[in-house]
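Below are the chains, spelled out letter by letter.
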Amino acid sequence: MTPAEIFCRPLRRMRRDRAAPDYHQADFLRRFMLDEVNERLASVKREFSVALDLGCHDAALQLPAARIVRCDAGFAFASAASGVQADEDRLPFADASFDLVVCAGVLDQVNDVPGALALIRRVLKPDGLLLAAFAGAGSLATLRDALRFAEQDRPVARLHPQIDVRAAGDLLQRAGFALPVADAERLTVRYASVFGLVHDLRRMAAGNMAVEQHPMRRETLASAAERFAALADADGRTREFFDIIFLTAWAPGAGQPRPARRGSGTVSLAAALRPPGQPMS
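One structure accompanies this document, and this report is about it. (Residues numbered from 1 in each chain as written. Predicted model: local features only at pLDDT ≥ 70, side-chain atom pairs only at ≥ 80, totals over all residues. Heavy atoms only, no water.)

Glancing now at the overall build of the protein chain. Counting its regular elements, the protein chain contains 9 helices and 7 strands. With the C-alpha coordinates aligned to their principal axes, the bounding extent of the protein chain is approximately 75 × 55 × 45 Å. Partitioning the contacts of the protein chain with sequence separation of at least 6, the portion at a separation of at least 24 is 78%. Within the protein chain, the 34 negative side-chain charges are centred at a point lying 4 Å from the centre of the 36 positive side-chain charges. (Helix = DSSP H or I, 4+ residues; strand = E, 2+ residues; numbered from the N terminus. Contact = heavy atoms within 4.5 Å. Lys, Arg positive; Asp, Glu negative; His and termini not counted. Charge placed at Lys NZ, Arg CZ, Asp CG, Glu CD.)

What follows is the structure, given as structure tokens:
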């Protein structure tokens, strides 16, 4: 039995196509992610020859030493980047095609995240590297608060579920990656009104794409706007938060460090914890 999907695939593609022309006006979130990805790449002492830019958006990812294949769920982004249109959990690439996959800004919008990660591992060559980033649990906390306040009598799910950093690490392990690492950084952005935030979310193709859509009444939106404004700093601007989860993991390969075999230790825990100079009993 196929599990119910959270996101409407046609709606997501439409939202990405609508966002493409003005995406450069609200690309700060992905630029933040790519800056961190580039820093992490700089610390890896090896070269990558063929990379996959998965969720390529405006093709801002640049890797001078590598040939980059672009892929995006939206036709407009994929076409402008001379790439392939495909959902992240339905990749069309052959196994072991890339030695690097960068996936920045889309995993939080994928129906089958475990399946997408498993496919990424398959398209990576042995000892290939995955670097991913996406908005995780804790993001849009102020908007969520405003919506809960506005709809406290009849709450409606308007923002999709989010993955926390611990779950992200577990997903990497389930997908069969080696040396998985998941960590998070917070980006704070301030807005003069909730409408500016919603406008940015639409321009970055990050609006509500749930299968089940609930129209918002004008009085609900007005109440949410009042709550958002009430949370403003002294200068009238309100803080919103994006908690970005970063994933680093390797496709299994020969020569990688591996955990020691269970029971292979030569020193007991009691001996390791004994104070210096204390004899064994």
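Taking 1.5 Å per residue as the helical rise, helix α8 (residues 218-230) with its 13 residues ought to reach 18 Å, and the 18 Å between its terminal C-alpha atoms agrees with that figure. In the core, the buried residues of α8 are packed alongside α5 (141-150), β6 (178-191), α7 (194-203) and β7 (238-250). (Expected span 1.5 Å × (residues − 1).)

Attention now goes to the packing of aromatic side chains. Summed over all chains, the structure comprises 4 aromatic pairs. Each ring, one from F28 and one from F242, has its centre 6.1 Å from the other, and the planes form 75°; the classification is edge-to-face. Of this pair, F28 sits in helix α2 (residues 28-42) while F242 sits in strand β7; the two residues are 214 residues apart in sequence, bridging distant segments of the chain. Exposure remark for F28: the relative accessible area of 18% places this residue in the buried category. Taking relative accessible area as the criterion, F242 reaches 2% and is therefore assigned buried. (Phe/Tyr/Trp six-rings, centres within 6.5 Å; stacked < 30°, edge-to-face > 60°. Buried < 20%, exposed > 50% of the residue type's maximum accessible area, 1.4 Å probe, protein only.)

Looking now at the packing of helix α4 (residues 113-123) against helix α6 (residues 165-174). Taken N-terminus to C-terminus, the directions of α4 and α6 make an angle of 50°; their axes are 9 Å apart at the nearest point. Classified by the angle between their axes, α4 and α6 sit oblique to one another. As for the relative orientation of α4 and α6, their crossing is right-handed in sense. Contact residues: V113, P114 and L117 in α4; L171, L172 and R174 in α6. (Axes fitted to C-alpha atoms, helices over the stretch in contact; angles between N-to-C directions. Parallel < 35°, antiparallel > 145°, perpendicular 65-115°, else oblique. Left-handed = near helix turned anticlockwise from the far one by under 90°.)

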